[in-house]
Amino acid sequence: MQKPKARTRSRTPEKTWELRLYVAGQTPKSLAAFANLKKICEEHLAGQYHIEVIDLLKQPQLASGDQILAIPTLVRKLPQPIRKIIGDLSNTERVLVGLNLRQE
Amino acid sequence: MDEITGGGLPTGRPTLVAGSAGCGKTLFAMEFLVNGAMHYDEPGVFIAFEENAEELAQNVASLGFDVKELMKQKKLSIDYVRVERTEIEEAGEYDLDGLFIRLGHAIDSIGAKRVAMDTIEVLFGALPNQGILRAELHRLFRWLKDKGVTAVVTAERGEGTMTRFGLEEYVADCVITLDHRVTEQVSTRRLRIVKYRGTLHGTNEYPFLIGKNGISVLPITSLALEHEAPSERMSTGIKELDDMLDGKGFYVGSSILISGTAGTGKTSITSAFVDAACRRGERCLYFAFEESPSQIVRNMYSIGIDLAPHVKKGNLQFYATRPTLYGLEMHLVTMYDLIKEKKPQVVVLDPITDFFAIGSIGEVKAALTRMIDFLKTEQITALFTSYTSEDQSADQTIVGVSSLIDTWLSLRNLESNGERHRGLFVLKSRGMAHSNEIRSFQLTAEGIKIGTMDFAGRSIRSVAGGG
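Positions within a chain are numbered from 1, following the residues in the order the chain's sequence is written. Each chain is given a letter, starting from A, and each ligand a number, starting from 1, according to the order in which they appear as written. Where local features are concerned, this predicted model is filtered to residues with pLDDT of at least 70; where side-chain atom pairs are given and counted, the filter is 80 or more; whole-chain, interface and lining totals use all residues.

1. Some words on the overall build of chain B
Secondary structure counts use DSSP, requiring at least four H or I residues in a row for a helix and at least two E residues in a row for a strand, with both numbered from the N terminus. Scanning chain B from N- to C-terminus turns up 14 helices and 22 strands. Relative to its 467 residues, chain B shows a buried fraction of 43%. Across chain B, the fraction of contacts at a sequence separation of at least 24, relative to all contacts at a separation of at least 6, is 70%. Counting other C-beta atoms within 10 Å of each residue's C-beta, where C-beta atoms are placed from the backbone, gives the exposure class: buried for 20 or more, exposed for 12 or fewer, partly exposed between. Once C-beta atoms are placed from the backbone, any two residues with those atoms within 7 Å are in contact.

Right, dumping it as structure tokens:
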């Protein structure tokens, strides 16, 4: 499985969710985060999302732009406001709350 | 600062600087990097958790640190790490690799040897999982050591603990605490080395000042008393006074005290000396604590000592302040900085009496000890004037400091036959044979006149001197 930069196309661009997953190499946490993210997106945002995976080991200079401290970090760039979720995303509930997909 | 720590901060290890808000931690950290970049060719990375690069640059610009220039030259890199609790949601396991990567990238990109982190405790408020945070902090300090960088990490003082979140358990090697106190409306900053494994260090508190060149720490007293003792002499500027001092005047680099009651002529003796020194091309710093420089110059002119040309040429520089304006430490550091900058051969403090109003006898004596030690190390001749009451032997303040003094000239008012005369005599003068006579002392338009007194205390003959 090779995923330096993965893109998943959507069919309706207007309401596309822009999601960025920051990882540091292919660690178990990073791989788990990606798998969990895909699952959640397919279930709740089918056809409306766009995931970009950024490997900070390959591009360290990108860490400061989104103020990344923890790995893995999921950043919801769109829709605004920016939300950040840290962790391997194994806790689906918290991910949904963090993405504001679940009414709290 | 390096003196106190025995050579500076430990290389390749982290130092913790703890202090409450406003103590100067950020400044300390920044100065550490700036000095490294400018004087030791060691680039530095500043990880800021509270201010961004722009704000930091502005804050330290007034201290003469041109951060932007250093950043351009790739000698300094500032990374602002913003952590906002409300923005972050925790969902699963994570570590702080993002921070490590940013730090590593910054260090590698400029080849940094020094790192400052200000203040890492912000993370405690921002990240919900303290367990992960503490584990990662452990890892961070090991990582910094492995990277071979010398790090300064700042933290807030805790109530009763050294730091609010217990950072000191991670940074066992060197801990410095900063303190900022306001007593009697005078503020004093102090720093203390609390822990320093493997080396000797002073355990006292050291007053410091944040001035126009960054942090100045008062020099510590040389406990070993290792000053060189010069054997050259310099004229007092008054021939008769030279005669009273074994014909040759003061020792270069000695400390001289001129005491007397009000109006006896202390300033005139210092001025005669300063005048002679300036004529020899020496530089003098005159710290005036009671009279304004223009008043001193005018008064001295009336007795035939013209200081104006020396001031104009720059050989004589006056600095006038009221002692009550600042704390004792601030005065000391201000003088120390000026002396270091101007490198004079002669320093005058006129008078020192008012310092007793802002400190106890012990404190003033300690301060003067430091000053005299410093001046002796630099082989600068120092003159102090002091007011005494009529009965000098009872004057506690003078007795307290007289042991620091090499030469003590005393001016007295003497009455005889219904007349008042001024008398001058040498109370002590180490290392030379000195006169034990009381000479008559007069201030005339032609200058200072010192003569002999007859048994009745009346002046027989006076020979013009000084000018």
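The rest of the description comes next.
2. Observations regarding the overall build of chain A
A count of helical and extended segments in chain A gives 2 helices and 4 strands. The N-to-C order of helical and strand elements in chain A reads β-α-β-β-β-α. Counting all 104 residues of chain A, 36% fall into the buried class. Put simply, 69% of the contacts in chain A that link residues at least 6 apart link residues at least 24 apart.

3. Overview of the sheet that holds strand β2 (residues 49–55) of chain A
Across the sheet, 5 strands lie side by side as β2(A)-β1(A)-β3(A)-β4(A)-β4(B); this open sheet has mixed pairing. Each end of this open sheet is capped by a strand with a single partner; those strands are β2 of chain A together with β4 (88–90) of chain B. Between one strand axis and the next, the sheet turns by 20° as a mean value, whatever way the strands run. Relative to β2 of chain A, strand β1 (residues 17–23) of chain A runs parallel, the two sharing 7 bridges. Bridged to Glu18 of chain A within β2 of chain A is His50 of chain A. In this description, a line fitted to the C-alpha atoms serves as the axis of each element, helices being fitted only across the stretch in contact, and the angle between N-to-C directions of two axes falls anywhere from 0 to 180 degrees. Sitting on the sheet, helix α1 (residues 28–44) of chain A is in contact with β1, β2 and β3 (73–78) of chain A, with an inclination near 165° to β1 of chain A. By the convention used here, strands pair only if DSSP detects at least 2 bridges between them.

4. Quick word on unusual backbone geometry
Note the cis peptide between Leu78 of chain A and Pro79 of chain A, where omega equals -5°. By the element assignment, Pro79 of chain A lies in the loop between β3 and β4 (83–86).

5. Overview of the interface of chain B and chain A
At the interface, 21 residues of chain B touch 29 residues of chain A. Put simply, the parts of the chain that give the side of chain B that touches chain A at least two residues each are β4 and α5 (97–110) of chain B. With 7 residues, α5 of chain B is the single largest residue contributor to the side of chain B that touches chain A. Of the residues that constitute the side of chain B that touches chain A, the class distribution is 8 nonpolar, 4 polar and 9 charged. Bridge count for β4 of chain A against β4 of chain B is 3 bridges, and the pairing is parallel. Each bridged residue has a counterpart across the sheet, and for Ile86 of chain A the counterpart in β4 of chain B is Glu90 of chain B. Under this grouping Gly is polar, as are all residues other than the nonpolar Ala, Val, Leu, Ile, Met, Phe, Trp, Tyr, Cys and Pro and the charged Asp, Glu, Lys and Arg.

6. Brief notes about the environment of Thr15 of chain B
Residue and element names in this part refer to chain B. Within the secondary structure layout, Thr15 lies in strand β1 (residues 14–19). Separated by 158 residues in sequence, Thr15 and Asp173 have C-alpha atoms that sit 6.7 Å apart. Among residues more than four places away in sequence, those in contact with Thr15 are Leu9, Pro10, Ala151, Val152, Cys174 and Ile176.

7. Here's the deal with the environment of Ala277 of chain B
Topologically, Ala277 of chain B is positioned in helix α9 (residues 266–279). Separated by 69 residues in sequence, Ala277 of chain B and Val346 of chain B have C-alpha atoms that sit 7.8 Å apart.

8. Some points on the confidence of the model for chain B
All names here are of chain B. Per-residue confidence from the predictor is reported as pLDDT, which spans 0 to 100. When pLDDT is averaged across chain B, the result is 82; 87% of the residues are at 70 or more. Mean pLDDT per element in chain B: strand β22 (residues 459–464) is the minimum at 39, and strand β14 (residues 284–288) is the maximum at 95. Per-residue pLDDT stays below 50 along residues 459–467; that stretch engages in 36 contacts with residues further than four places along the chain or on separate chains. Confidence metrics for the complex model read pTM 0.68 and ipTM 0.81.

9. A few points about helix α12 (residues 328–342) of chain B
All names here are of chain B. The length a helix should cover is 1.5 Å for every residue beyond the first. With 15 residues, α12 should reach 21 Å at 1.5 Å per residue; the first-to-last C-alpha distance of 21 Å fits that figure. Every buried residue of α12 is accounted for by Leu328, Glu329, His331, Leu332, Val333 and Met335. One or two positions beyond α12, positive phi appears at Lys343, with a value near 50°.

10. Overview of the nonpolar core
Across soluble globular proteins, you tend to see nonpolar side chains buried next to one another. Residue and element names in this part refer to chain B. Take the buried Ala, Val, Leu, Ile, Met, Phe, Trp, Tyr and Cys residues, join any whose C-beta atoms are within 7 Å, and the set you get is a nonpolar core. Ranked by size, the top nonpolar core spans 149 residues in total, and within it Ala116 and Val274 carry the most contacts. For this core, the element with the most residues is helix α2 (residues 25–39), which contributes 8 residues. Looking at which domains feed residues into this core, each of domain 1 (2–217) and domain 2 (233–464) supplies at least three. Once residues lying within four places of it in the same chain are set aside, the contact partners of Ala116 are Ala29, Met30, Phe32, Leu33, Gly44, Phe46, Ile47 and Val152. The domain limits used here are those given by an automatic or database domain assignment.

11. So, the packing of α12 of chain B against helix α13 (residues 361–377) of chain B
Any two packed helices are characterised by how steeply their axes cross, that is the angle between the axes, and by the distance between the axes. All names here are of chain B. Contact geometry of α12 with α13 gives a least axis separation of 11 Å together with a crossing angle of 10°. In terms of axis orientation, α12 runs roughly parallel to α13. For the pair α12 and α13, the contacting residues are Leu328, Leu332 and Tyr336 in the first and Glu363, Ala367, Arg370, Met371 and Phe374 in the second. An angle counts as roughly parallel when it lies under 35 degrees, as roughly antiparallel when it exceeds 145, as roughly perpendicular when it falls between 65 and 115, and as oblique in every other case.

12. Observations regarding the pairing of β1 of chain B
All names here are of chain B. Of all 6 residues in β1, 6 are buried; the element is thus mostly enclosed. Across the two faces of β1 the burial is the same, with Pro14, Leu16 and Ala18 and Thr15, Val17 and Gly19 all buried. Relative to strand β6 (residues 150–156), β1 is paired through 6 bridges, and the arrangement is parallel. In the sheet register, Leu16 faces β6, and the bridge partner there is Val153.

13. Some remarks on α5 of chain B
A rise of 1.5 Å per residue sets the reference length of α5 of chain B, with its 14 residues, at 20 Å; its end C-alpha atoms lie 20 Å apart and thus fit the reference within 8%. What α5 of chain B keeps buried is the set Asp97, Gly98, Leu99, Phe100, Ile101, Arg102, Leu103, Ala106 and Ile107 of chain B. Here the buried face of α5 of chain B lies against β1 and β3 of chain A together with β2 (44–48), β3 (76–80), β5 (114–118) and α7 (130–147) of chain B.

14. Observations regarding the pairing of strand β13 (residues 255–260) of chain B
Residue and element names in this part refer to chain B. Across the 6 residues of β13, 6 count as buried, placing the element largely inside the fold. Side chains Ser255, Leu257 and Ser259 of β13 all project onto a buried face; the interleaved residues Ile256, Ile258 and Gly260 project onto the opposite face, where all are buried too. Bridge count between β13 and strand β17 (residues 381–387): 6 bridges; the pairing is parallel. Residue pairing for β17: Ser259 is matched across the bridge by Ser386. Bridge count for β13 against strand β18 (residues 407–416) is 5 bridges, and the pairing is parallel. Bridge pairing links Ile256 to Thr407 in β18.

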